[in-house]
Amino acid sequence: QVQLMESGGGLVQPGESLTLSCVVSGIMFSLHNMGWYRQAPGKQRELVAAFNRDGTTRYASFVKGRFTISKDDAKKVYLQMNSLEPEDTAIYFCNAANYITSNVYWGQGTQVTVSS
């Protein structure tokens, strides 16, 4: 059974930081491109950051160097978010995309709220 379990969301003030974590099970980590997406109220889900197949990373333009995606050998993916802005308020989802079968898996999401 495939599971992607996010954690680390919460309520923070503008300018503060959060680190999101995603624990992955049930899939071969090495066969999937891992990424983070977000969905704000009334908006479509959008890419935040992701790994490419060659291990490089790509970021949405709105990240502007504030976020960093990383992963470890324990099948965890992280999103370090600094200098958070109210516009970053959204539900953040962990994503796994199999680059052979094109199967895509999603976590349940974790809420990030940036407000003073």
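Details of the structure are given in the entry above.
Per-chain numbering applies: the sequence of each chain, read as written, is numbered from 1 onward. For a predicted model such as this one, the threshold for reporting local features is a pLDDT of at least 70, and the threshold for listing and counting side-chain atom pairs is 80 or more; totals across whole chains, interfaces and linings nevertheless cover every residue. Excluded from the side-chain calculations are hydrogens and water; all other atoms, namely the structure's heavy atoms, are used.

Chemist: What am I meant to see in the state of the cysteines here?
Modeler: Here a disulfide denotes one covalent bond, and it connects the sulfur atoms of two cysteines. Criterion for a disulfide: a pair of cysteine sulfur atoms at a distance within 2.5 Å. Within this structure, the stated rule accounts for one disulfide. Bridging C22 to C94, the disulfide has an S-S length of 2.1 Å. Taking the sign of the S-S torsion, about -85 degrees here, the bridge from C22 to C94 comes out left-handed. Of the two residues, C22 sits in strand β3 (residues 18–25) while C94 sits in strand β9 (residues 90–98), which places them 72 residues apart along the sequence. Across this residue pair, the class does not change: C22 and C94 are buried. Helix and strand labels come from DSSP, where a helix needs a run of H or I of at least four residues and a strand needs a run of E of at least two; each type is numbered from the N terminus. Three exposure classes are used, based on accessible area relative to the maximum for each residue type with a 1.4 Å probe and protein chains only: buried under 20%, partly exposed in between, and exposed over 50%.

Chemist: What is the right way to read the pairing of strand β5 (residues 46–51) from this model?
Modeler: By the convention used here, strands pair only if DSSP detects at least 2 bridges between them. Taken together, the four bridges between strand β4 (residues 32–39) and β5 define a ladder with antiparallel strand orientation. Paired with W36 across the two strands is A49, which belongs to β5. Here β4 folds back onto β5 in antiparallel fashion, the turn holding six residues, of which G42 has a positive phi close to 75 degrees. Bridge count between β5 and strand β6 (residues 57–59): three bridges; the pairing is antiparallel.

Chemist: What should I look at first to understand unusual backbone geometry in this one?
Modeler: Positioned with a positive phi, K64 is a non-glycine residue whose angle comes to about 55 degrees. We classify K64 as exposed; its relative accessible area is 67%. In this structure, S83 takes a positive phi of about 50 degrees despite not being glycine. Note on placement: S83 falls in the loop between β8 (76–81) and β9.

Chemist: Could you clarify how one ought to interpret the nonpolar core in this entry?
Modeler: The nonpolar side chains of a soluble globular protein tend to be buried with one another. To qualify as a nonpolar core, a set must consist of buried Ala, Val, Leu, Ile, Met, Phe, Trp, Tyr and Cys residues joined through side-chain atoms within 4.5 Å. Counting 28 residues, the largest nonpolar core has M34, W36, L79, M81 and Y92 as the members making the most contacts within it. Within the residue set of this core, elements represented by two or more residues are β3, β4, β5, β7 (67–72), β8, β9 and β11 (110–114). A contact between two residues is defined here by any heavy atoms of the two lying within 4.5 Å. Not counting residues within four places of it along the chain, the set of residues in contact with Y92 comprises E6, L20, W36, Y37, R38, V48, F67, L79, M81, G109, T110 and V112.

Chemist: Sorry if this is basic, but what is going on with the environment of I100 here?
Modeler: Note on placement: I100 falls in the loop between β9 and β10 (104–106). Since its relative accessible area comes to 58%, I100 is described here as exposed. Residues I100 and M5 lie 95 residues apart in sequence; the distance between their C-alpha atoms is 23 Å.

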